[in-house]
Amino acid sequence: MTDRRPTIANTGPRVGVELHDITGTTISTDGTVLENVRIKGTVTIAAHDVTIRNFMLDANGAPYGIRADQNKTGLLLDRGTLVSATNAAVYGSNYHARRLNIYNQAGDALKADSDCTIEWCYMHNLGMQAGKHADGLQMSLGTSVAMRYCNIDMPIDQIGFLSNACAIIQAASGPVDDILLKGNWFNGGNYTLFFRDKGHGAPTNVRLISNRFGRNYRYGLLNTDGPVYQSGNVWDDTGEAIFDLSTVKKP
């Protein structure tokens, strides 16, 4: 895989485009396009086919930066920077997140339920609040979530940040099915990836394909309660194949 990993330089709003200031809002008109904005507060999505593009969002200590939990479809989040939510930068279902720079969050980067596509995002500097156990991607139920070509950097020895997992996907509130993690750069966490049965069975149809793994984790790369399809996963520093992530433990 060509090393085009997401960084500060290639995520977030485009350089040189002027942003105008607005406050957090509820979007209730289908087809709304919110572009070239600097937002303070939470944006709640209460309409279909909303686009938020080329933006900066400071949640200003609210639980979420963007709430997509109103059963609306077609949300596109494109080239944004998100900071300062206490729970997660983005929460909900039916969203496509692309080229986001998510950092300086008290807790998690993304919470996803169903029908989410996450691509070319950079997630780092998570878990700033005491008592948090930050995750890059967190799921507790749902289906059809794909994360591709994202860089989640959560080293366990980073002072001031509490890292739990690059992705924790566990069936705590309902079943979980159809999860694809492909072509990502993962580094850190207690276990870098968790797929757990928390009362609704182990997640099913989980695929880990062509991901690159860093070594700054606490216990291991994969903690799973069920079968996980694995192909083409390698160590990031050497390119050496990792045939079974669940067998890799900290020396």
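Here's a quick rundown of the structure.

The rules we used
Residues numbered from 1 in each chain as written. Predicted model: local features only at pLDDT ≥ 70, side-chain atom pairs only at ≥ 80, totals over all residues. Heavy atoms only, no water. Pairing = 2+ DSSP bridges. Helix = DSSP H or I, 4+ residues; strand = E, 2+ residues; numbered from the N terminus. Polar contact = N/O pair within 3.5 Å; in protein donor to acceptor, adjacent residues only side chain to side chain. Contact = heavy atoms within 4.5 Å. Buried < 20%, exposed > 50% of the residue type's maximum accessible area, 1.4 Å probe, protein only. Phe/Tyr/Trp six-rings, centres within 6.5 Å; stacked < 30°, edge-to-face > 60°. Lys NZ or Arg CZ within 6 Å of the ring centre and 35° of its normal.

When strand E16 (residues 151-154) meets strand E19 (residues 185-188), the two strands line up parallel, connected through four bridges. For Ile 152, the partnering residue across the bridge sits in E19 and is Phe 186. By the bridge criterion, two bridges tie E19 to strand E22 (residues 212-213) in an arrangement that is parallel. Among the inter-strand pairings, Trp 185 is bridged to a residue of E22, identified as Arg 212.

Right, let's get into the side chain of Asp 108. Considering the arrangement of structural elements, one finds Asp 108 in strand E11 (residues 108-112). There is a polar contact of 2.9 Å between the side chain of Asp 108 and the backbone nitrogen of Asp 135. Other than its neighbours up to four places away in sequence, Asp 108 contacts Asn 87, Ala 88, Ala 89, His 133, Ala 134, Asp 135 and Gln 138.

Before going further, it helps to examine the sheet that holds strand E2 (residues 26-27). Strand order in the open sheet formed by nine strands is E2-E4-E6-E8-E11-E14-E17-E20-E23, with parallel pairing between adjacent strands. Each having just a single partner strand, E2 and strand E23 (220-224) make up the two edges of the open sheet. Relative to strand E6 (residues 64-68), strand E4 (residues 43-45) runs parallel, the two sharing two bridges. Pairing of Thr 44 across the sheet is with Arg 67, part of E6.

Attention now moves to the pairing of strand E7 (residues 75-83). When you tally the buried positions in E7, you get nine out of nine residues, the bulk of the element. Relative to E7, strand E5 (residues 51-58) runs parallel, the two sharing seven bridges. Opposite Phe 55, over in E7, you have Gly 80 as the bridge partner. Sheet topology note: the E7/strand E9 (residues 95-98) ladder contains four bridges and is parallel.

Another point: the packing of aromatic side chains. Across all of its chains, the model carries five aromatic pairs by this definition. Ring geometry for Tyr 191 and Tyr 219: centres 5.9 Å apart, planes at 40°, overall tilted. Here Tyr 191 is found in strand E20 (residues 191-197), whereas its partner Tyr 219 is found in the loop between E22 and E23, with 28 residues between them in sequence. Relative accessible area serves as the criterion here: at 45%, Tyr 219 is assigned to the partly exposed category. An aromatic cluster of three or more residues is present, and its members are Tyr 191, Phe 194 and Tyr 219. For the cation-ring pair, Arg 215 lies above Trp 235, with the distance from its terminal atom to the ring centre recorded as 4.0 Å. The side chain of Lys 250 reaches across the aromatic face of Tyr 217, ending 4.6 Å from its centre.

Distances and angles like these do not, on their own, reveal function.
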